[in-house]
Amino acid sequence: ISSCDLHGFTGACFLPCNMSFTVVGDFDFGKLSDTVEKRMMKYAPAGAPASAVIAPEVTVNRFRKDENKKNHQSNCIIGAPAYSLYDERRIPLVLLMNILGGPSSNSRLNSQLRERKALVYNIEATYSQYVRTGSAVIYFGCEKENVDTCVRLVLEELDKVRSKPLSSTALMYAKKQLLAQNAISSENGEVQVLAIGKSLLAYGDYMSDDQVRSRVEALSAEDLQTVACDIFAPDKLS
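> Would you mind going over the pattern of salt bridges in detail, with residue names and values included?
In this structure the tally under the stated criterion is 13 salt bridges. Asp 66 is the partner of Arg 64 in a salt bridge, and the nearest nitrogen-oxygen pair spans 3.1 Å. A relative accessible area of 70% places Arg 64 in the exposed class. Classification of Asp 66 by relative accessible area gives exposed; the value is 57%. A salt bridge links Glu 67 to Lys 65; the nearest nitrogen and oxygen atoms lie 3.4 Å apart. What makes Lys 65 exposed here is its relative accessible area of 62%. Here the salt bridges do not stand alone but share partners, grouping Asp 87, Arg 89, Asp 230 and Lys 236 into one network.

Below is the structure:
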């Protein structure tokens, strides 16, 4: 949130009573709680609110913004509002974004713009989820003279996922790849503890690896196409 009207809200939010501390391990809860409170509450101002400040609703309108800077490369972002933490459609969108621009070199956008045509230095697709909304974003960096070509190719890929569902084979491999990436990331202790903490805050629970696998395996090609038509509709893209 960058509006100057929310300056007061931003300042009010960064308080110890609105912070979260997550620990995963064999610890005594009472001792851990005492330690955290001892270290953190000394920073709490007198009369601090007992509950988090709720952000006001934010309306996002489609826009285009260009800035000319003396950079070696051009940086472009194409994006649209997306589903919140509590929308069940977030699951197929996670898979779709991984297919389009996930961390692997075989993602559609990376394969098309970087591996085949050598037009971009980097290209990726990310999906961020918040309490009331989300954002689906495609970013790439390229030479200035290639921006229009890259934008056209990105829009062509988005049109493909809107107009034609994935084949059963492509969908199977996409699911396997996402689940494998999730398994590898879960081996990182920091990533795991942050994911569990975020899930507990949002849902009061967290999904096991088996539950995650079940949710992903249940997705159909039509689920992904429906989400693509909704999120990446041309009149929603900025």
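The discussion continues.
> Break down the side chain of Ser 199 for me, citing the residues and quoting the values.
Structurally, Ser 199 is set in helix H7 (residues 189-203). Among the residues examined, Ser 199 registers a relative accessible area of 14% and is labelled buried. One polar contact links the side chain of Ser 199 to the main-chain carbonyl oxygen of Asp 205, over a distance of 2.6 Å. With sequence-adjacent residues up to four places away left out, Ser 199 is seen in contact with Gly 204, Asp 205, Tyr 206 and Met 207.

> Describe the pairing of strand S2 (residues 120-129), with residues and values.
In the sheet, S2 pairs with strand S3 (residues 134-142) via 9 bridges, with the strands oriented antiparallel. Along S3, the bridge assignment pairs Asn 122 with Gly 141. As consecutive antiparallel partners, S2 and S3 are separated by 4 residues.

> Please give an account of helix H4 (residues 108-116) that cites residues and values.
For H4, every residue scored as buried is listed here: Leu 109, Asn 110, Ser 111, Gln 112 and Leu 113. Among the structural elements, helix H3 (90-101), S2, S3 and helix H5 (147-163) are those in contact with the buried residues of H4. Following H4 by one or two positions, Ala 118 adopts a phi angle in the positive range, close to 50 degrees.

> Could you give me a rundown of the packing of aromatic side chains, with the residues and numbers involved?
The tally for this structure, following the rule as stated, stands at 1 aromatic pair. The interplanar angle of 85 degrees and the centroid separation of 5.7 Å between the aromatic rings of Tyr 86 and Tyr 203 together place this pair among those described as edge-to-face. Highlighted residues: Tyr 86 in the loop between strand S1 (74-82) and H3 and Tyr 203 in helix H7, separated in sequence by 117 residues. The exposure class of Tyr 86 is partly exposed, given its relative accessible area of 44%. What makes Tyr 203 partly exposed here is its relative accessible area of 37%.

> Before we move on, can you summarise unusual backbone geometry with the specific residues and values?
As a rule of thumb, non-glycine residues mostly have phi less than zero, and peptide bonds are mostly trans rather than cis. Although it is not a glycine, Ala 118 adopts a positive phi angle of roughly 50 degrees. Among the secondary structure elements, Ala 118 is positioned in the loop between H4 and S2.

> I'd like a rundown of the packing of H3 against helix H6 (residues 168-185), residues and numbers included.
Each pair of packed helices can be described by the angle between their axes along with the distance between the axes. For the pair H3 and H6, the least separation of the axes is 10 Å and the interaxial angle reads 95 degrees. Put simply, H3 runs roughly perpendicular to H6. Residues Val 94, Leu 95, Asn 98 and Ile 99 of H3 pack against Leu 171, Ala 174, Lys 175, Leu 178 and Gln 181 of H6. Its residues assigned to classes, the contact of H3 with H6 comprises 6 nonpolar, 2 polar and 1 charged.

> Mind laying out H5, listing which residues take part and the relevant values?
The end-to-end C-alpha distance of H5, which contains 17 residues, comes to 24 Å, matching closely the 24 Å that a straight helix rising 1.5 Å per residue would cover. Among the residues of H5, those classed as buried are Val 147, Cys 150, Leu 153, Val 154, Glu 157, Leu 158, Val 161 and Arg 162.

> Give me the lowdown on the side chain of Asp 87, citing residues and values where you can.
Summarising the element assignment, Asp 87 is placed in the loop between S1 and H3. Here the side chain of Asp 87 touches Arg 89 through a polar contact of 2.7 Å, side chain to side chain.

What counts and how
Residues numbered from 1 in each chain as written. Predicted model: local features only at pLDDT ≥ 70, side-chain atom pairs only at ≥ 80, totals over all residues. Heavy atoms only, no water. Salt bridge = Lys/Arg side-chain N within 4 Å of Asp/Glu carboxyl O. Buried < 20%, exposed > 50% of the residue type's maximum accessible area, 1.4 Å probe, protein only. Helix = DSSP H or I, 4+ residues; strand = E, 2+ residues; numbered from the N terminus. Polar contact = N/O pair within 3.5 Å; in protein donor to acceptor, adjacent residues only side chain to side chain. Contact = heavy atoms within 4.5 Å. Pairing = 2+ DSSP bridges. Phe/Tyr/Trp six-rings, centres within 6.5 Å; stacked < 30°, edge-to-face > 60°. Axes fitted to C-alpha atoms, helices over the stretch in contact; angles between N-to-C directions. Parallel < 35°, antiparallel > 145°, perpendicular 65-115°, else oblique. Nonpolar A, V, L, I, M, F, W, Y, C, P; charged D, E, K, R; others polar. Expected span 1.5 Å × (residues − 1).

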